[in-house]
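Chain residues, written in single-letter form:
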Amino acid sequence: MTISVRAATIAAAPLFDAAHLLLPHLERGQRIDAGVLRAVMDSAFGGSDTEGAWDWKTAYDACEAATVLFLRKFGPVMRSRAGSNAAMAPMLAKIASLLPTHTRRSEESQTLQQFSTPITLGLAASVAAAITPADLVLEPSAGTGLLAIFTELASASCVLNELAESRAGLLQQLFPGVALTKFDAAQIDDHLDAGVAPSVVLMNPPFSALANVDRGMADAALRHIGSALSRLAEGGRLVAITGAGCAPDNPAWQPAFVRLQERGRVVFSAAIDGAVYAKHGTTIDTRLTVIDKIPADDSMAFLAPLGVSPDVTTLLGWIAQYVPQRLPTLVRVPTPAVSRPIGAAVSRSVATRRASAPAATIEPEAVELAYETIDWKAVDGRRITDALYEEYALQSINIPGAKAHPTKLVQSAAMASVAPPKPSYRPHLPGSLVGDGLLSDAQLESVIQAGEAHAGFLAGAWKVDETFDIVTAAPDDAENAVRFRRGWFLGDGTGAGKGRQVAGILLDNWLKGRRRAVWVSKSDKLLEDAQRDWSALGQERLLITPLSRFRQGTPIRLAEGILFTTYATLRSDARDDKASRVKQIVDWLGQDFDGVIVFDESHAMQNAAGGKGERGDQAASQQGRAGLRLQHALPDARVVYVSATGGTTVHNLAYAQRLGLWGGEDFPFATRAEFVEAIEAGGVAAMEVLARDLKALGLYAARSLSYEGVEYELLEHRLGDEQIAIYDAYAGAFAVIHNNLDAALKAANVTGDKGTLNRQAKSAARSAFESAKQRFFNHLITAMKTPSLIAAIDREHGSVPVLAEPSWRVSEAIVAAEDGTFYSNDGIDVAGAGRALWGWFTGVDGGGSTITEQLAKVLYTGGRTGVPDRIAQVALALKLDGHYTKRAILSMYLSAIYFGNGYYGVLAASEGYFGLPPGRLSWAQASLLAGLPQAPSLLDPLQHLALAGQRQSYVLGRLVATGVLTRAQAAAAAAAPLGLR
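Residues numbered from 1 in each chain as written. Predicted model: local features only at pLDDT ≥ 70, side-chain atom pairs only at ≥ 80, totals over all residues. Heavy atoms only, no water.

Colleague: So what exactly am I meant to see when it comes to the overall build of the chain here?
Modeller: Along the chain, the regular secondary structure elements total 33 helices and 29 strands. Per-residue burial for the chain yields a buried fraction of 51% across its 981 residues. Within the chain, contacts between residues separated by at least 24 positions form 71% of all contacts whose residues are at least 6 apart in sequence. For the chain, the accessible surface area stands at approximately 44000 Å², while carbon and sulfur atoms represent 54% of it. (Helix = DSSP H or I, 4+ residues; strand = E, 2+ residues; numbered from the N terminus. Buried < 20%, exposed > 50% of the residue type's maximum accessible area, 1.4 Å probe, protein only. Contact = heavy atoms within 4.5 Å. Areas by Shrake-Rupley, 256 points an atom, 1.4 Å probe, with all protein chains shown as cover.)

Colleague: Explain the packing of helix α2 (residues 13–27) against helix α9 (residues 165–174) to me, please; I cannot follow it from the model alone.
Modeller: Between two packed helices, what matters for the description is the angle formed by their axes and the separation of those axes. Axis separation between α2 and α9 bottoms out at 9 Å; the angle between their running directions is 55 degrees. Classified by the angle their axes make, α2 and α9 are oblique. Two packed elements cross with a definite hand, and for α2 against α9 that hand is right-handed. Note on element contacts: α9 touches α2 through Leu-170, Gln-173 and Leu-174, opposite Ala-13, Leu-15 and Phe-16. The residue makeup of the contact of α2 with α9, split by class, is five nonpolar, one polar and no charged. (Axes fitted to C-alpha atoms, helices over the stretch in contact; angles between N-to-C directions. Parallel < 35°, antiparallel > 145°, perpendicular 65-115°, else oblique. Left-handed = near helix turned anticlockwise from the far one by under 90°. Nonpolar A, V, L, I, M, F, W, Y, C, P; charged D, E, K, R; others polar.)

Colleague: Can you walk me through the sheet that holds strand β25 (residues 638–642) in this structure?
Modeller: Each strand in a sheet pairs with another by means of backbone hydrogen bonds, the pair being arranged parallel or else antiparallel. The sheet built from seven strands is open, its strands ordered β20-β21-β19-β22-β25-β18-β26 with parallel pairing. Edge positions in the sheet fall to β20 (544–546) and β26 (700–701), since each has one partner strand and no second. Sheet topology places strand β19 (residues 516–521) next to strand β21 (residues 561–566); six bridges connect them, and they run parallel. Bridged to Val-520 within β21 is Thr-565. The strands touched by helix α20 (residues 581–589) are β19 and β21; relative to β19, the strand with the most contacts, the crossing angle is about 155 degrees. Each of β22 (596–600) and β25 is contacted by helix α21 (residues 622–633), which is oriented at about 165 degrees to β22, the strand it contacts most. (Pairing = 2+ DSSP bridges.)

Colleague: Could you clarify how one ought to interpret helix α11 (residues 220–231) in this entry?
Modeller: Because each turn of an α-helix spans 3.6 residues, side chains separated by three or four positions in sequence point in the same direction. Between its first and last C-alpha, α11 extends 17 Å over 12 residues, near the 16 Å set by a 1.5 Å rise per residue. Of all 12 residues in α11, 11 are buried, a share of seventy percent or more. Buried residues of α11: Ala-220, Ala-221, Leu-222, His-224, Ile-225, Gly-226, Ser-227, Ala-228, Leu-229, Ser-230 and Arg-231, and no others. (Expected span 1.5 Å × (residues − 1).)

Colleague: Where do I start with the sheet that holds strand β12 (residues 389–391) in this structure?
Modeller: Taken in spatial order, the three strands line up as β12-β14-β27 in an open sheet, and their pairing is antiparallel. Each edge of the open sheet carries a strand with a single partner, namely β12 and β27 (704–705). Bridge count for strand β14 (residues 409–412) against β27 is two bridges, and the pairing is antiparallel. Each bridged residue has a counterpart across the sheet, and for Leu-409 the counterpart in β27 is Leu-705.

Encoded structure:
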């Protein structure tokens, strides 16, 4: 968001006044000690620190603001008299010596790691950046302006960004004519207006802190650098101050710098002794790194380390000796006119100039979805047939301009026999979603039906106890009585795009101002799927934040966003002095929350109320109880249940509290027990009638892909003696593990001589063992059946069937970009596999997979990256390489990988992005497509064309390096139109 409200600026006014009161002390060369600073702050804020009028971190900010005012007034004269940067440094050091040492920290400064740049180091950074008056300089973490002032002294334009409210207000006072934004700098490229193309980036990012994350993130600085580098114009220069360990020669970070050099070349890197930061409250060693925005000739080659600079004077000497001249910037940088009035205390020769474009993300305009209601009749030119499934079509509405679902959908004959009620709810969505087909007509219908359901409330009033477990009926006028908002159930099967529909419902509410939501799912691995579906609708993927980033018992520090969690996390009860996860979420949302709660894969809450089983009474599941607690605690929430199998048994529907199945006037069952008894008596047919009735009430939708024309053939595989022996050997091995599991639990103090010591740990261990055993034998049996399957395919087709025969351009581009040794390797890259395994242990992604390994990862290990899965991928890659031709492997890979926007396989991606079959793609289109699998959401050309273009440049460079294209051909491809749809 841009800082358009004056509140932050007004709040910073006393701080700005304090800076002006301190300025005369600097002008006279007088030291500002604690007594002087306290007197100035008391005067400016109208009260003392003991009264809470100000704190010492704010006082230090006032000192830094006074330094900015001093440099604005005297900087040009000092530079003129110094005659050189080396002579300027001692002058700045003398000014810094007049200021107090930072000895106290605030909670905000600790959380965001606010260490301002010493002015001597700011000088060195600006010299390394070689700023000219023609430059547009971006400072993503502007702090108190100690770096920005050097941009002003160089007469360059600048764009400032600062997340902290107080510092942003101060910057507004210090640099009133400069474009100022307030984003998380770790995603600065995603947020800034597309028109902002800086030729220089000056940055001092947090070393290990990320916004809204309550734990240290080792790669925080690199995340900031990566996003800023993406925004930097081609040929531009980035200068960053980081921790000393963030270095190309550090083995832990070298793989990350290798990837970084695919976009920008590291031309200088030097560590700096911690004494430089002593006045700012730390003695941590730092590093100055200079990156030019041009891919390195060899991304794995780095400069020889220079050692540690003991002071800024030495560092300036190294910069003069080793930092190369600036490259020409490929994007024209505007030089806007001065817009800030120059006051009496400001030198008229060094005015700051405003950037030409506002640096803000333009939120998509919310347009009311236009549709018309229609009358539906069961007999209307097309009879309900005697088939099990009927073709799906909108029954109660017509949406002009909406695209049909990309694959034919069907619904059961029972569901097709009724229509949902005519709605009146009008969603608000970006207009492009309809015209571009980002949501199909069936998916748009879901958004409408969900909104219609959420517009009403269930009958009756209720009281909820403090535990959120017990709900009792109450008179309508009873004190603290609540009414529950009606929910909606999405029962679509695979292929209907449940995630995209959930994203549409969330976006509708988001654009209506409900900027907090919760998305609950079965696995944390589904976070990326949720972010993909959200970003597919043009939204910032990182607005979906995992709850795991916030420790249990700590506040959730998100001003807005979609909180993603799993049922396993949600069920965490209160322990020690830490509130439960449900309570943590409720505290964040607030008791009056009326936003969306999505229970994805809601069948994970089955048996939420307990019941009778084959072995007697069953206790309610912890996950089900947690889901019910969340619904009870937030009666006004707009609940969406999502499950293709949630309604298979009546007992599993206990979590669906918001459908009004019992306990009120909406359904003729007073209690859940009466409902269960009645439905059970009717069997499966009664469940089908229930589903149909829910649809007729507008509370349920269930569609699935049509398999019309698909033929099935049973293929029998007889196990050979060798396979039986293999199976028996593995079964025996697991029996040994099973027989010794009790001893292992005892050794781990989970059980003891007196029984179970940790019931939860014991249950988790046994569950993990059984899960691993089932997965293993599933893979084993699948592998054993494979020879018969391959033989049958060969008999029927004579070759390996693939979904699409890709064009040779796409094939060559993929090979060049992802696996240059594909045609000569044995399916694996030993060094790369080693880096990947090391990365798993260290938490640093080492990459290094061949195309064959990636195919094994996609097809056989479900994309998992654990050590056992990595090992399995290597073994499977060797087998694939030994059995299939390289062409077949490449074809299978291109048919399976994800290209973003819901496009799996090159055929879908080619037609989806360009409206062309793969064989008709140009080199420009093929190289763009080949770059997407690396990060499909981040590189989505429909949303992030600049990033996709940078990756395309890398692919074209690899095609030149491998001899497929000449430089002239690559240049022509880079300039050619893409023809994106």
